[in-house]
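# Residue-level structural notes
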Amino acid sequence: MTSATAGLPPLKVVIAKPGLDGHDRGAKVVARALRDSGMEVVYTGIYQSPESILRAVVQEDADVLGLSSLSGAHLEYARDLCALLKENDRRDVLFVVGGTIPPEDADTLKGYGVHEVFGPGTPTAELVEYISRNARQARLA
Amino acid sequence: MNEDDKRWDERVEAWSTGRVAADYERIPPRRSEYTTLSGAPVKDIYTHADIRHLDPAEDIGLPGEYPYTRGVHATMYRGRPWTIRQVAGFGQAEDTNNRYKYLLRTGQTGLSTDFDLPTLLGYDSDHEVYRREVGRIGVAVDTVVDMHALFDGIPLDQISTSMTINPSAAVVLAMYRVVADERGIPGHVLTGTTQNDILKEYIAQNEFIFPPLPSVQLVVDTMEYGADVMPRFNPLNVCGYHIRDAGATAVEEVGLTISNALCYLEHAVERGIDVDRLAPRVSFFWDVHNNFFEEAAKLRAARRLWARLMRERLGAKDPRSWLMRAHCQTAGVSLTAQQPYNNVARTAIQAMAAVLGGTQSLHTNSLDEALSIPSESAIKIAVRTQAIILHETGVADVVDPLAGSYYVESLTSQIEEDALALIERIDAMGGMIEAVQSGYAVQLISDSAWEQQVKVESNDTITVGVNAYVDEDETQDIEIDRPVPGVMERQMARLAEVKRSREDRQVSTTLRAIEKAAPDLQHNLMPLIEDAVRARATVGEICDVLRGVWGHHQPSTVF
């Protein structure tokens, strides 16, 4: 914990799987790594719609949303979620996406407002560091 | 123990404490601890002492003979090579049909279909939320009209088709049979498989609709239906692949998969069906991962364990019921997005282990699969990998060449023993449905996945290109397959057209018949599902009826 975050409650992270994609090994590994690093983690389980993911973020008053997609439909789901976060005045949520994301899609995702994209093989330490550094300072563009 | 054994053990002991210890003094072991991927300790060396407990006749035997440790066929690949069966599926039926024809021209010898997520989960392509996944990581199939397009120009009487479909497998199986029937091909010549292994969905791949009990009974329905109308077809392909890909170890893969298989057959027996009527058409699907000898030994162990359980526990009398016939796929989860060309080497080595383990059919992954579904050029390398193993390496020229290896036989026994212990643990809980509902199996797999992640991140497991031999300035120059544009719109238009042109009354009559029969889990629904499919009812409509009766299974949020 850095001095800037000392005394604050732990970061709250929602890890979500959109649509019908059931491949959740990565989502669970990430959830566990973040929890072990001291964050409070809520995993939505699979089969979530953008609306149900937004609901989880709002209900949990999450600082971070991690979306995991291996279905090839990451662009649509991330775009819709960015729009929903803005509409619902949750621009302060740090929004990261992981999964089988072709590298050239990262810029498109960031264009929608996603803060960072983590491809396969990302060490969890890198994620923990990124989130610790950037949560609570995020503003969706 | 006889005098010779004793002398041998003393000699090995003296050598270990003498020569070996002296060598390690000079050059210490490369690692503090050597284990298989399942975590079993691996010794420096294996000798005759490690396989002395095995009876060469009873435990190892001969290929094509009980307990089939050495393979299900006597001559294996010296006669017929394994089936080269790459999975394909994307876009509309026509797009996948073109890919099939490309693969057959490239040297593939069997077909394998991936359906898109809405089809797998029993939703139609016009579903409000899920339509954005139409045709994405599989082919969209709403009605038997799509199924006709999928197999257009493919001789179903000559080529076997494997279909990766689970919760909606009953509907797709009925569709396959109706397509053949409407083309004048009799059911008894059809060969192929539907995966249809719903239990592994609850614990690993997470594609399920209904709760476990009605789902298992529906699988029994398909097996019985298969035996009646398409007796050379395998309605059930029990599947370790996804269990492994979700994080299980090799031992857990074998134990959980065989537990699942026993669960289906035991439910069939409870219904009064003779096990020998169904068991010969049960096939298996394994994941072949990086640890070469463990994977080859895993296939040998699984075959022996299955044969013994079928004969001794289920009392099957037909030798065909004892056979574990297997399809293998190289491990998708072992592929890396970093340095993707390394995946060609990984896949080749894994494929070699599958062949040495005695698989009946094989899918080799493509180098781009850590990032997308395979491109045509990447698939070609994957198919050619199998041709190289078959024709250039000589490994297919001898039947079970690993037999008798001190290490491989010892590992085979170890895996069989450990997997059996897991099966017995699950029995003690009340069986696989209980292990699903209590969350035991999900937690087991999730824990193993986490342990593997920790090993990679602590550099205890080396993954080339990821935590060793990293190229900082690496650029990726591989071709990435992109979704076919306009698929969703075209598929929705076709679905609307089918709905316009069919007999509505016939559809509702057949759907009502399913609804009426479904509460009785002993009632075989397959003839009714076939009627509905023939009337052009959709996957979504049929599954909606069953959802209405049986409800949904709630996904786990355990991690």
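Residues numbered from 1 in each chain as written. Chains lettered and ligands numbered in written order. Predicted model: local features only at pLDDT ≥ 70, side-chain atom pairs only at ≥ 80, totals over all residues. Heavy atoms only, no water.

Below, the discussion takes up the overall build of chain B. When helices and strands are counted, chain B shows 22 helices and 10 strands. For 559 residues, the compact-globule formula gives about 24 Å, and the C-alpha radius of gyration of chain B, at 24 Å, lands near that figure. Along the first, second and third principal axes, the C-alpha set of chain B runs to 85 × 60 × 45 Å. Across the 559 residues that make up chain B, the buried fraction comes to 59%. Residue pairs at least 24 apart in sequence account for 79% of intrachain contacts in chain B once pairs closer than 6 positions are excluded. (Helix = DSSP H or I, 4+ residues; strand = E, 2+ residues; numbered from the N terminus. Rg over C-alpha atoms; globule rule 2.2 N^0.38 Å. Buried < 20%, exposed > 50% of the residue type's maximum accessible area, 1.4 Å probe, protein only. Contact = heavy atoms within 4.5 Å.)

On to the packing of aromatic side chains, then. Residue and element names in this part refer to chain B. Evaluated as defined, the whole model comprises 18 aromatic pairs over all chains. On the numbers, 6.0 Å between centres and 20 degrees between planes, the contact of Tyr 100 with Phe 151 is stacked. Placement of Tyr 100 in helix 3 (residues 93-106) and of Phe 151 in the loop between helix 5 (144-150) and strand 4 (161-164) is noted, with a sequence separation of 51 residues between them. A ring pair is formed by Tyr 176 and Phe 233, whose centres lie 5.6 Å apart and whose planes are at 40 degrees; its orientation type is tilted. (Phe/Tyr/Trp six-rings, centres within 6.5 Å; stacked < 30°, edge-to-face > 60°.)

Further remarks concern the interface of chain B and chain A. In this complex, chain B contributes 42 residues to the contact, which on the side of chain A involves 42 residues. Summed over both partners, the interface of chain B with chain A buries about 3400 Å², with 55% contributed by carbon and sulfur atoms. Contact with chain A buries area across many residues of chain B, yet Arg 132, Trp 450 and Phe 559 of chain B alone supply 25% of it, more than any other trio. Here chain B and chain A share three salt bridges between them. The residue Glu 76 of chain A makes a salt bridge to Arg 136 of chain B at a minimum N-O spacing of 2.7 Å. Here chain B and chain A share 14 residue pairs in polar contact (both at pLDDT 80 or more) between them. Of all the elements in the fold, those that place two or more residues in the side of chain B that touches chain A are helix 4 (117-120), helix 7 (198-205), helix 9 (241-245) and helix 18 (440-457) of chain B. It is helix 18 of chain B that provides the largest number of residues to the side of chain B that touches chain A, a total of nine residues. (Buried area = accessible area lost by both parts, 1.4 Å probe. Salt bridge = Lys/Arg side-chain N within 4 Å of Asp/Glu carboxyl O. Polar contact = N/O pair within 3.5 Å; in protein donor to acceptor, adjacent residues only side chain to side chain.)

Residues and elements named next belong to chain A. Where burial is concerned, most of strand 4 (residues 94-99) is hidden: six out of the six residues are buried. Burial along strand 4 is two-sided: Leu 94, Val 96 and Gly 98 facing one way and Phe 95, Val 97 and Gly 99 facing the other are all buried. Relative to strand 4, strand 3 (residues 64-69) is paired through six bridges, and the arrangement is parallel. From the neighbouring strand, Ser 69 faces strand 4, where its bridge partner is Gly 99. Handedness of the crossover joining strand 3 and strand 4 through helix 3 (residues 74-87): right-handed. As paired strands, strand 4 and strand 5 (residues 116-118) are joined by three bridges and run parallel to one another. Looking across to strand 5, one finds that Gly 98 is bridged to Phe 118. (Pairing = 2+ DSSP bridges. Right-handed = clockwise from strand over helix to strand, strands pointing away.)

A surface patch of nonpolar side chains, amounting to about 320 Å² of accessible area, comprises Ile 462, Val 464 and Tyr 469 of chain B. When you line up the elements, Ile 462 of chain B lands in the loop between helix 18 and helix 19 (487-501). (Patch = residues over 30% accessible without salt bridge, like charges linked within 9 Å, V, L, I, M, F, W, Y side chains within 5 Å. Areas by Shrake-Rupley, 256 points an atom, 1.4 Å probe, with all protein chains shown as cover.)

A word on the side chain of Thr 412 of chain B. Looking at where Thr 412 of chain B falls in the secondary structure, it is placed in helix 16 (residues 406-429). When sequence neighbours within four positions are dropped, the list of residues in contact with Thr 412 of chain B reads Thr 69, Ala 297, Arg 300, Ala 301 and Arg 304 of chain B.

Take the nonpolar core next. Across soluble globular proteins, you tend to see nonpolar side chains buried next to one another. Counting residues in hydrophobic clusters, the biggest one holds 199 residues, and the most contacted among them are Leu 65 and Phe 95 of chain A together with Met 147, Ile 203, Leu 256, Leu 265 and Ile 529 of chain B. With 11 residues, the top contributor of residues to this core is helix 6 (residues 169-182) of chain B. By size, the runner-up hydrophobic cluster in this structure holds eight residues, among which are Ala 337, Leu 371, Ile 478 and Ile 480 of chain B. (Core = buried A, V, L, I, M, F, W, Y, C linked by side-chain atoms within 4.5 Å.)

Under the counting rule described, the total for this entry stands at 48 salt bridges over all chains. Between Asp 80 of chain A and Arg 79 of chain A there is a salt bridge, and its shortest N-O distance comes to 3.5 Å. The exposure class of Arg 79 of chain A is partly exposed, given its relative accessible area of 39%. One network of salt bridges, with partners in common, ties together Asp 59, Arg 304, Arg 308 and Glu 416 of chain B.

Now for the sheet that holds strand 7 (residues 236-239) of chain B. All names here are of chain B. Reading across from one edge, 1-10-9-8-7 is the order of the five strands in this open sheet, with parallel pairing throughout. In this open sheet, the two strands that pair with only one neighbour each are strand 1 (83-84) and strand 7. As paired strands, strand 7 and strand 8 (residues 282-288) are joined by four bridges and run parallel to one another. Residue Asn 237 lies in a different strand from strand 8, and its bridge partner there is Ser 283. Sheet strands touched by helix 14 (residues 342-357): strand 8, strand 9 (325-330) and strand 10 (361-363). Its angle to strand 9, the strand with the most contacts, is close to 170 degrees. (Axes fitted to C-alpha atoms, helices over the stretch in contact; angles between N-to-C directions.)

What follows concerns the confidence of the model for chain B. Looking at chain B, the pLDDT average stands at 95 and 100% of residues meet or exceed 70. Two numbers describe this predicted complex: its pTM, 0.93, and its ipTM, 0.83. (pLDDT = per-residue confidence, 0-100.)

Moving on, we come to the packing of helix 12 (residues 292-313) of chain B against helix 16 of chain B. Residues and elements named next belong to chain B. Contact pair helix 12 / helix 16: the axes reach a minimum separation of 8 Å and the direction vectors enclose 50 degrees. By the criterion of interaxial angle, the relationship of helix 12 to helix 16 is oblique. Regarding helix 12 and helix 16, the two cross each other, and that crossing is right-handed. Contacts between helix 12 and helix 16 involve Phe 293, Glu 294, Ala 297, Lys 298, Arg 300, Ala 301, Arg 304, Leu 305, Arg 308, Leu 309 and Arg 313 from the former and Tyr 407, Val 408, Glu 409, Leu 411, Thr 412, Ser 413, Ile 415, Glu 416, Ala 419, Leu 420, Ile 423 and Asp 427 from the latter. Residue classes in the contact of helix 12 with helix 16 are distributed as 12 nonpolar, two polar and nine charged. (Parallel < 35°, antiparallel > 145°, perpendicular 65-115°, else oblique. Left-handed = near helix turned anticlockwise from the far one by under 90°. Nonpolar A, V, L, I, M, F, W, Y, C, P; charged D, E, K, R; others polar.)

Quick look at unusual backbone geometry now. Trans peptide bonds make up the majority, and among non-glycine residues the majority have a negative phi. All names here are of chain B. The linkage connecting Tyr 66 with the following residue, Pro 67, adopts the cis geometry, with an omega of 0 degrees. Considering the arrangement of structural elements, one finds Pro 67 in the loop between helix 2 (56-60) and strand 1. Although it is not a glycine, Gln 339 adopts a positive phi angle of roughly 45 degrees. When you line up the elements, Gln 339 lands in the loop between strand 9 and helix 14. Of note, the phi angle at Arg 536 is positive, near 75 degrees, even though the residue is not glycine. Along the chain, Arg 536 turns up in the loop between helix 21 (526-534) and helix 22 (539-550).

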